Each structure stands twice: as structure tokens, then as C-alpha cells.
2 protein chains.
Amino acid sequence: MPSKVTIRTVARQAGVSVQTVSNVVNAPHLVRPETREHVQAVIDRLGYRASQAARQMRSGRSRLIGVRIEPARDGINGNILDRFLHELTEAAAQAEFRIVLYTAADDVAEIQAYEDLLAAYSPDGFVLTSTHPDDPRPGWLLDKGVPFVTFGRPWGGPDRHAWVDVDGAAGTAAATEHLVAAGHRRIGFLGWPEGAGVADDRRSGWLSAMRAAGLDPTGLERHVDDGVAAGERMAAEMLAAPDGPTALVCASDSLALGAWNYVLATTGHYASSPAARTARTARTVGTAANARSRSTSGASRASRPAVIGFDDTPVARAVGLTTVAQPLAEVAQACIRLLTAVLDGGGGSSPPEHVLLTPHLVVRDSA
Amino acid sequence: MPSKVTIRTVARQAGVSVQTVSNVVNAPHLVRPETREHVQAVIDRLGYRASQAARQMRSGRSRLIGVRIEPARDGINGNILDRFLHELTEAAAQAEFRIVLYTAADDVAEIQAYEDLLAAYSPDGFVLTSTHPDDPRPGWLLDKGVPFVTFGRPWGGPDRHAWVDVDGAAGTAAATEHLVAAGHRRIGFLGWPEGAGVADDRRSGWLSAMRAAGLDPTGLERHVDDGVAAGERMAAEMLAAPDGPTALVCASDSLALGAWNYVLATTGHYASSPAARTARTARTVGTAANARSRSTSGASRASRPAVIGFDDTPVARAVGLTTVAQPLAEVAQACIRLLTAVLDGGGGSSPPEHVLLTPHLVVRDSA
DNA sequence: TTGTAGGCGTTATCAA
DNA sequence: TTGATAACGCCTACAA
């Protein structure tokens, strides 16, 4: 193993001072082209890379970004944070940053994690996920002057920091419009309890799209804590009602999966893959579905209720669920861009930037 | 914001030398108890934490562990690596290590990532996932003398490094035994193409359990690349055959989900949640299933074929799939333990340690 | 048991 | 345009 290549090694090999080498790396314009090229050649030949530890001691910059990795939770939705993390790692690498992970059971623990991480590794900044009303984290970081960006708007909180978010309302509106275009008139919304920021956001898109289409949303919505079982239960209640909806826009793939399970069980219409369809020979497809459609008139597609989820999770893909997809790569890139802006801006007085991205509908079998 | 608390600040505040403070932190036994307590109190009060950057310059240790974060892939199985990453972050924190992330599209890119990361951040070691035959990574790291542990055996490769793995064969064997106990005699195996290490491992557990139970495995297995659609297709072929299996042990939850989709479509028996069951009133449950069972005699539970997956992914939970669960928290802890052993052992001649953990069966609706 | 000196690799300052 | 020097915070000798 070649003993460590330091800036000294390069300087000696190139016959210049260490400072010149440093300049070639950090401020090339200060070095005469010939010298620069020569030194650069030596750097490449030796494979020299500045030590972050030493660099950090001088410059105070670690080129590290702290990110929390969340537990699997119900695992269906939590999944998008893992995908986000992957995208963020790539976006960070583009900007020569690395992601350091930490875990925390709740907001208080997370603030403790900031302190620990900051004191020992001094990351240059943080990317926060899952912001929510009364979130104590932004305030703490703001107080300490620690640079950060959030993936998620400051729901209700003071808007004093850079954030990136996806327009959930636009997503559910697109879903609703898709259903309207398919001939549905009574389109229900299956969401989460109010007050969660994201919950209200996604509901509002459905609501405005309904009104824009001249449809009456009254009585067509239900709210429940996230989960497949809960989705199935609520969907059963909603769809079985005499004048219930013929289609459902859901706030999550979990809820949608539950609803879709119900639809399939009710209609006996498990149409996911061609293989299944051809293999399914002995069954009399559609009887139950027809019985249902007779009592639910109104949808142009009378065969079965439509369901649309949110997040385009792997489950949705596997099961053929139509769903709203968040542009996670773009979100990640925007996070890095805004964070570097905050880093460079330093104490600058320019107001914090915001980015609101639009999700898109992925149409599959369920709607 | 309080200007940085260094070892000097503490020393002054406590009225001792910096060396004493350092000793209190790194070699408490060298300090007189009274002094130690006094200094410790000051440390706590000031919230002092040694700077990793400075510490690393002296000691050469960064207390950083490099881990690759994989893309979402088909997303259903890739998910377990995300869960592993979470557990690893926690286990590492226990041992005062942090996880630094990197991405890489393939093995060659990953080796490049080692070089970059090593040169700039000098992580103390790496945790490798997804080992496979002809994996060039362990050899490279071994050559460079970089400490590492793999989650995954060195399939076919030289066994010269520490590794942790889960006994896949034990998992499929347990699944098979469970089915045998339930009265199944023709138990099929739906796995991946041979040669992938993990593939052969999981197959072998099924095979040995079949033989141990005195059952003939001939013609009861199929192999296909992972995927839900592939699983559905293969399951259709296998289960529809006149003397086909009455139950399926699958190498993954993806395959199992596909198989289960087929089973449900065929039997019209979508029994996931109680809600669905009660809601499903109009349908005549079981006719198709009975028709099937007549032609497939042999299982004690004639109603429908049983399916068992592998990995206990969120999808499995959501859909009620019986599956084999890997003890990821234990794997993560073992990885950290072995890695620290390698770190401490340094050039020691003690042979690399191995840990093989046993998975367990999670019984749900599908078997 | 405690204190002092030196150096890890880098970059900022300043002089040449 | 380039080079010498100091300093970042810590830890390991070594001295007291």
C-alpha cells in the first residue's frame, strides 16, 4: 500500500511549494497555466486528493450533509424517503458533498442528534424530511445558525428557511381530473385526519378539481389514519353506500391499496397481469361486478370502481395501481442547490428560496 | 451561537491542562477521580465534544463507515437493504461510528467510490452488501488493506474476510417444514436462475427439507428472474399442471406476491383483512377454489394453494403473505461487531470471523 | 498525576 | 506568480 500522498508529496514531485499545489486545486486562476498543468499532471499521476479532515480544520467546512434515516414504519409510504435518500446521495455527490446518516425516534431526539453530529463532525448543513405543524427542528437550527433545507413546507410555521416540496394538491387535482375525463361524476376522497399539512394539501386538490368540474363533493370524503387495513375498511363503507362514489382518490398508496383490495374482492376482477388473465379460465368473471355496477350508476366505466393512490411506491407498481408520482430526483437536486445557496450566501440577507415541484400521474390498471 | 468549545476552553474553565482533559475523555483511569469528576462536569456543562477532524489528524481514525445505498430497483426486495441501512446506522451509533453514503452503478464504479472516499474522508472501514460470485470488491479492499465486512457470504470466492449472512437454506427449509406440517405433500419451489449464490442457497433448503420429509422434489421447481409478473406467470404454469404442487416456497416476496395474485385470482378468495371478508357479502366464495381443489388433491387444506415468500417486505405484510424474515437488526449489529474487531485486530493474525444467522417464518394468511 | 511541545495536512496571510 | 509561515484542535510522547 502506497504511503499516504499528501500535498507535500505532490509539491516535492512537482518541484513547487505546497501553496502552489493548494492553489492549483482551490484557486487555479492564481497559477500560471504552465505551472498549473504541470502540477495537475503530478496530482493525477499520484492520485492526490486533499484530506477532508485537514481541510476542515483550516476552512471549517466538512462537505458533509446530515440526513436522518427513518425506520421502516408501515413501510409502504416510508419507502419514498428511502428513494429520496438515494437521489439525495447522488445529487450531493455531484456537488462534492457526502451524506452522513443519523437516526432519531422523534423531534427531540433529532435535535439531540444535531448537537452530537454538529459537535463531532460539524456537517455543513442538514436536509430535513417530514416537516409538520409545530415542528421544533427548523426553529432550533435557525437559532443556532445552522444551514439547512427542508423537504416539506413549513406547515403553519414561520416561513424563514429554504424549502423544497411537491405540490400535493396539484397531484390529487390531476388524479381527480383524470377520473372526471373518464366519465366519473361522484369521485370520493380517502385521506388522513386534518391538521397534518400534507393531509389538507392533498384534500384541497381533490376539492378544487371537483368544484372546477362543477361536481358536488359533499359527503364524498372520509379521513382515517394511514394503513392498508384502514383503507380497505373505509373504501368498503364509501363504495357500498347507495349513492357512494364510483371512484376514489386516495392520499397514499397504502390507503389506495386497501381500497383496491376491496374493489378486487368485491368485483372478483383481479386483472393485474396478462398471465393471470389468461390463466384465469374457470371463473365467471364479472357477475359480481355487474351486480355492483347496477347499483352504482354514474361512472362511464361501469365495470368496477376506480382507485388512485399517491407516491408511486413499488407496491403500486406491482399491483397495477394508478398513482401520483413525486419527482424525487428533482426534489433532491433542488435540496442540494438550495442548501449550497444557503452555504454560500452565508449571512447574506437574500431571503430563503422555495421550490414547489409538480407531481405527475402514473396511469395503470386501477383507474 | 456559542463560539466553538475546544479542549482548551474546557481546560481553562476546569483549571487544568488540555492534556488532563484529553485523558479524562480518552484514558479516564489515568486521572485522579476528583479531577476526573470535576473535568467531566465542565465537559458536560459546556457540551464539549472532541472534533473528529482534529482527532482524525492525530489518530488516523475517522469513526466513519462507508456504505453504498442502492437504487430502488424493483423496489420490493431492494427494500430490505434500506431497512438494513437503518439498523446499521443505529448499530454504528452505539459503537460511536457514523455512516457515510455513496452510490455506484456497478462493482467497478463502487471500487472507484472506495478510492474517492478513502482519499478524502478516510472512512475506517466499509460494509458491503449484495456479495455475489466473482465479486471484485473484497479482493480490492483486501489488497489495499482496507477493513471491511460483508453482509453476504463470499459466494465461491476466497474466504479471507469477515462476513455476516443469513442462512437462506434454513429459511426455505422452515417454510417447507411448515407446509409439510400443514399436510402438503407436493411442495414446489419457485426460485431464481442458478449460480447467484443466494439462489442456490434458498433452493437447497427446500430440497433438503423435502428429502428429509421423504417427499419427492422431482419436477416441482422452476427458476426465473425476480419479479412479480414473472412469479405470477410461473405460478400459473406450476399450479395449473395436473400433478402440480399444492404449495409454493418462493425465493422472494416479489415472486411470492405474483404467485399469490394468481392464487387469489384463480380461487376468487381475496382474504386479506377482516374488513374485506365481512364486506364481501354478495359473492359465492369458494366455487372456483373447490373446482381447483378437486383436481389437485393431496393438500389437507384443499381450499387454495399455499404460498410462502422471502424477506418479510412491507408488501408481504400488507397483503398477508406468509414469509421468511431476516433478522436485520442482528445482522447489522454483527456487522459492526465484526468490523470493530477487524479495526482493533489491525494486522493481527486472528482469522476473519463469520456469523451466520437464522431467519424465522412469519405466518400470515397465505400459508 | 499533570503539564509542555510537536506535528498530523491543509489553507490564509503575507512577503518576496 | 510563487513561497514561507502560522494556525486550525487534538493526541502522543516526554518531562516534571
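These numbers were taken from a predicted model, which means no experiment stands behind them.

Enquirer: What exactly am I supposed to notice about the overall build of chain A here?
Expert: The helix and strand tally for chain A stands at 15 helices and 12 strands. Long-range contacts, defined here as pairs at least 24 residues apart, represent 70% of the contacts in chain A between residues at least 6 apart. Of the roughly 15200 Å² of accessible surface on chain A, 51% is carried by carbon and sulfur atoms.

Enquirer: In this structure, what is going on with the protein's contact with DNA strand D? I would like to understand it.
Expert: If you check the shell around DNA strand D, you find 22 residues, and the closest are A:Thr20, A:Thr35, B:Ile7, B:Gln19 and B:Arg55. Sugar plus phosphate, as a fraction of atoms of DNA strand D within 4 Å of the protein: 63%. Here a phosphate oxygen of DNA strand D and a backbone polar atom of B:Ser51 are 3.3 Å apart. Of all the secondary structure elements, the ones that give two or more residues to the surface near DNA strand D are helix H2 (18–26) and helix H4 (52–59) of chain A together with helix H2 (18–26) and helix H4 (52–59) of chain B. With 4 residues, H4(B) is the largest single contributor of residues to the surface near DNA strand D. Classifying every residue of the surface near DNA strand D by side-chain character gives 9 nonpolar, 9 polar and 4 charged.

Enquirer: Explain the packing of helix H1 (residues 7–14) of chain B against helix H3 (residues 33–46) of chain B to me, please; I cannot follow it from the model alone.
Expert: For any two helices packed against each other, the geometry is given by the interaxial angle and the distance between the axes. Residues and elements named next belong to chain B. Two numbers describe how H1 lies on H3: the axes approach to 9 Å, and their chain directions differ by 125°. Judged on the interaxial angle alone, H3 and H1 are oblique. Judged by the sense of rotation from one axis to the other, the crossing of H1 with H3 is right-handed. Two secondary-structure elements touch here, H1 through Thr9, Val10, Gln13 and Ala14 and H3 through His38, Val39, Val42, Ile43, Arg45 and Leu46. Looking at the contact of H1 with H3 residue by residue, the classes come out as 6 nonpolar, 3 polar and 1 charged.

Enquirer: Hey, could you run me through H4(A) in this one?
Expert: Each full turn of the α-helix corresponds to 3.6 residues, which orients residues three or four apart in the same direction. Taken as a whole, H4(A) has its buried residues at A:Gln52, A:Ala53 and A:Gln56. In an axial view of H4(A), the angular spread of the buried residues amounts to 100°, which keeps them on one side of the axis. Turning to H4(A), the residues buried within the fold contact helix H6 (107–121) of chain A together with H4 and helix H6 (107–121) of chain B. Taken from the residues just after H4(A), A:Gly60 is the one with a positive phi, measuring 80°.

Enquirer: Can you help me understand the sheet that holds strand E6 (residues 187–191) of chain A in this one?
Expert: Sheet strands pair via backbone hydrogen bonds, and the direction of the pair is either parallel or antiparallel. Residues and elements named next belong to chain A. One open sheet accounts for 6 strands, arranged E7-E6-E8-E9-E10-E12; its pairing is mixed. What marks the edges here is a single partner per strand, and that holds for strand E7 (221–223) and strand E12 (360–362). Between one strand axis and the next, the sheet turns by 20° as a mean value, whatever way the strands run. Sheet topology places strand E8 (residues 247–250) next to strand E9 (residues 306–310); 3 bridges connect them, and they run parallel. Each residue of the ladder has a partner; that of Ala247, found in E9, is Ala306.

Enquirer: It is not clear to me how H2(A) should be interpreted in this structure. Could you clarify?
Expert: All names here are of chain A. Taken residue by residue, H2 has Val21, Asn23 and Val24 as its buried positions. Down the axis of H2, the smallest arc covering the buried residues is 160°, so these residues share one side. Taken together, the buried residues of H2 touch helix H1 (7–14) and helix H3 (33–46).

Enquirer: Would you take a moment to explain the protein's contact with DNA strand C for this structure?
Expert: In the vicinity of DNA strand C, 24 residues are found, and the nearest of them are A:Ile7, A:Arg58, B:Ser17, B:Thr35 and B:Arg58. Protein-adjacent atoms of DNA strand C, using a 4 Å cutoff, are sugar or phosphate at a proportion of 59%. Residue A:Ser51 places a main-chain N or O atom 3.1 Å away from a phosphate oxygen belonging to DNA strand C. Measuring from a phosphate oxygen of DNA strand C, one finds a side-chain N or O atom of A:Arg55 at 2.9 Å. Those elements giving two or more residues to the surface near DNA strand C turn out to be H1, H2 and H4 of chain A together with H2 and H4 of chain B.

Enquirer: Would you mind going over the pattern of salt bridges with me for this structure?
Expert: Working definition: two side chains of opposite charge can pair if their charged atoms are close together. Enumeration over the complete set of coordinates arrives at 25 salt bridges over all chains. We note a salt bridge from A:Arg68 to A:Glu110, for which the minimum N-O separation is 2.4 Å. With A:Arg68 in strand E1 (residues 64–68) and A:Glu110 in helix H6, this pair connects stretches of sequence that are 42 residues apart. Since its relative accessible area comes to 1%, A:Glu110 is described here as buried. The shortest N-O distance in the salt bridge between B:Arg32 and B:Glu34 comes to 3.2 Å. You'll find B:Arg32 and B:Glu34 in the same group, each marked exposed. Several salt bridges share partner residues, and in doing so they unite A:Arg68, A:Asp107, A:Glu110, A:Asp135 and A:Arg137 into one network.

Enquirer: What am I meant to see in the sheet that holds strand E7 (residues 221–223) of chain B here?
Expert: Residue and element names in this part refer to chain B. Taken together, the 6 strands give an open sheet; going across it, the order is E7-E6-E8-E9-E10-E12, and neighbouring strands pair in mixed fashion. The open sheet has two edge strands, E7 and strand E12 (360–362), and neither has a second partner. When the angles between neighbouring strand axes are averaged without regard to direction, this sheet yields 20°. Of the pairings in the sheet, the one linking strand E9 (residues 306–310) to strand E10 (residues 322–325) comprises 3 bridges and is parallel in character. Paired with Phe310 across the two strands is Val324, which belongs to E10.

Enquirer: Would you mind showing me how to read the pairing of E10(B) here?
Expert: In regular strands, side chains alternate between the two faces of the sheet. All names here are of chain B. Because side chains alternate across E10, one face comprises the buried residues Thr322 and Val324, and the other comprises Thr323 and Ala325, equally buried. Note that the unit made of E9, helix H14 (residues 314–319) and E10 has a crossover that is right-handed. In the sheet, E10 pairs with E12 via 3 bridges, with the strands oriented antiparallel. Of the residues in E12, the one forming a bridge with Thr323 is Val362.

Enquirer: Explain the domain arrangement of chain A here, please?
Expert: A common way to state how big an interface is: give the accessible area lost once the parts meet. All names here are of chain A. Each assigned domain of chain A is listed with its residue range as follows: domain 1 (7–50), domain 2 (64–166 + 328–358) and domain 3 (168–325). On the side of domain 3, 20 residues touch domain 2, which itself brings 11 residues to the contact. In total, domain 2 and domain 3 occlude about 1000 Å² of area from one another, counting both sides; carbon and sulfur atoms represent 54% of this. At the boundary of domain 2 with domain 3, the tally comes to 1 salt bridge. Residue Asp201 is joined to Arg153 by a salt bridge in which the shortest nitrogen-to-oxygen separation is 2.9 Å. Here domain 2 is connected to domain 3 by 4 residue pairs in polar contact (both at pLDDT 80 or more). For the side of domain 2 that touches domain 3, the leading source of residues is helix H5 (residues 79–94), giving 3 residues. Here the side of domain 2 that touches domain 3 is built from residues that sort into 5 nonpolar, 3 polar and 3 charged.

Enquirer: Help me understand the environment of B:Phe126 in this model?
Expert: Residue and element names in this part refer to chain B. Here Phe126 is to be found in strand E3 (residues 125–129). Through-space distance from the C-alpha of Phe126 to that of Arg63 is 11 Å; in sequence the pair is 63 residues apart. Leave out the neighbours within four places in its chain, and Phe126 touches Ile65, Gly66, Tyr102, Tyr114, Leu117, Leu118, Leu141, Val146, Pro147, Phe148, Val149 and Leu339.

Enquirer: Explain the packing of aromatic side chains here, please?
Expert: By convention here, two paired aromatic rings are described through the distance between centres and the angle between planes. Residues and elements named next belong to chain A. Throughout the structure, instances matching the rule amount to 12 aromatic pairs over all chains. Note on Phe84 and Phe151: the rings are 4.7 Å apart at their centroids and 45° apart in plane angle, and the pair reads as tilted. Residue Phe84 is found in helix H5, and its partner Phe151 is found in strand E4 (residues 148–151); the two are separated by 67 residues along the sequence. The exposure classification of Phe84 matches that of Phe151, with both residues buried. By the ring-pair criterion, three or more aromatic residues cluster together here, those being Tyr102, Tyr114, Phe126 and Trp140.

Calculation criteria
- Residues numbered from 1 in each chain as written.
- Chains lettered and ligands numbered in written order.
- Predicted model: local features only at pLDDT ≥ 70, side-chain atom pairs only at ≥ 80, totals over all residues.
- Heavy atoms only, no water.
- Helix = DSSP H or I, 4+ residues; strand = E, 2+ residues; numbered from the N terminus.
- Contact = heavy atoms within 4.5 Å.
- Areas by Shrake-Rupley, 256 points an atom, 1.4 Å probe, with all protein chains shown as cover.
- Near = heavy atom within 4 Å.
- Polar contact = N/O pair within 3.5 Å; in protein donor to acceptor, adjacent residues only side chain to side chain.
- Nonpolar A, V, L, I, M, F, W, Y, C, P; charged D, E, K, R; others polar.
- Axes fitted to C-alpha atoms, helices over the stretch in contact; angles between N-to-C directions.
- Parallel < 35°, antiparallel > 145°, perpendicular 65-115°, else oblique.
- Left-handed = near helix turned anticlockwise from the far one by under 90°.
- Buried < 20%, exposed > 50% of the residue type's maximum accessible area, 1.4 Å probe, protein only.
- Arc of directions from axis to C-beta.
- Pairing = 2+ DSSP bridges.
- Salt bridge = Lys/Arg side-chain N within 4 Å of Asp/Glu carboxyl O.
- Right-handed = clockwise from strand over helix to strand, strands pointing away.
- Domains from an automatic or database assignment.
- Buried area = accessible area lost by both parts, 1.4 Å probe.
- Phe/Tyr/Trp six-rings, centres within 6.5 Å; stacked < 30°, edge-to-face > 60°.

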